[in-house]
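Structure at a glance
So the chains spell out like this:
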Amino acid sequence: RRLPSSMKDSCKTIKGKNFLCRVAPQDIGFLTSILEWYHEVGILRTRDEEKGLIELWVSPFFEEDAKKMIEYLVKGGFVKKFEVIEEIGDNWTRR
């Protein structure tokens with residue numbers, strides 16, 4: 001999918017949602033690959049590989065798509081688990 005042309009100018013200041021999530025450690029690479037392909041939906045960053053902790057930034061334009069994608073991946077057995085621990089704001093640059 002492509003962003004509608006009406007949204008292109010606002011892309012410089014997109015404020016999405018950032019979630020701390022727990023997944024099966026062996027699924028991190030797969031999830032990263034999926035989100036690299038659908039980069040307009042969200043971006044994944046690994047916080048702690050051994051514990052399966054990831055940070056998921058979701059675009060405000062594709063929140064419903066992100067929810068459906070995660071639901072599909074879990075229900076379809078493509079990933080073992082995907083637990084949203086908490087919403088952690090939109091500060092993607094913090095460490």
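Residues numbered from 1 in each chain as written. Predicted model: local features only at pLDDT ≥ 70, side-chain atom pairs only at ≥ 80, totals over all residues. Heavy atoms only, no water.

**Remarks on the environment of Val23**
Of note, Val23 is situated in strand β1 (residues 17-23). With relative accessibility at 1%, the residue Val23 sits in the buried group. It is 7.4 Å that separates the C-alpha atoms of Val23 and Ile54, two residues lying 31 residues apart in sequence. Setting aside residues up to four positions removed in sequence, Val23 forms contacts with Ile28, Leu31, Lys51, Gly52, Ile54, Lys81 and Phe82. (Helix = DSSP H or I, 4+ residues; strand = E, 2+ residues; numbered from the N terminus. Buried < 20%, exposed > 50% of the residue type's maximum accessible area, 1.4 Å probe, protein only. Contact = heavy atoms within 4.5 Å.)

**A word on the environment of Phe61**
As for its placement among the helices and strands, Phe61 is situated in the loop between β3 (53-58) and α3 (63-75). Along the primary structure Phe61 and Val41 are separated by 20 residues, whereas in three dimensions their C-alpha atoms are 7.7 Å apart.

**Structural notes on the sheet that holds β3**
Backbone hydrogen bonds are what pair the strands of a sheet, in a parallel or an antiparallel way. Strand order in this open sheet of 4 strands is β2-β3-β1-β4, and the pairing throughout is antiparallel. The open sheet has two free edges, formed respectively by β2 (42-48) and β4 (82-89), since each of these has just one partner strand. Across the sheet, the axes of successive neighbouring strands diverge by a mean angle of 25°, strand direction being ignored. Where β1 and β3 come together, 6 bridges link them in antiparallel fashion. Counted as the bridge partner of Arg22 is Leu53 from β3. Here helix α2 (residues 28-37) sits on the sheet in contact with β1, β2, β3 and β4, set at roughly 155° to β2. Contacts between α3 and the sheet are confined to β1, β3 and β4, with β3 contributing the most and set at about 145° to the helix. (Pairing = 2+ DSSP bridges. Axes fitted to C-alpha atoms, helices over the stretch in contact; angles between N-to-C directions.)

**Observations regarding the pattern of salt bridges**
Counting across every chain of the model gives 5 salt bridges. Between Glu83 and Arg22 there is a salt bridge, with its nearest N and O atoms 3.4 Å apart. With Glu83 in strand β4 and Arg22 in strand β1, the pair connects residues that are 61 residues apart, well separated along the chain. Note on Arg22: relative accessible area 29%, which makes it partly exposed. The salt bridge involving Arg47 is made with Glu55; its shortest N-O contact spans 3.3 Å. Of the residues examined, Glu55 reaches a relative accessible area of 1% and is grouped as buried. Taken together, the shared-partner salt bridges connect Arg45, Arg47 and Glu55 into one network. (Salt bridge = Lys/Arg side-chain N within 4 Å of Asp/Glu carboxyl O.)

Keep in mind these values describe shape, not function.
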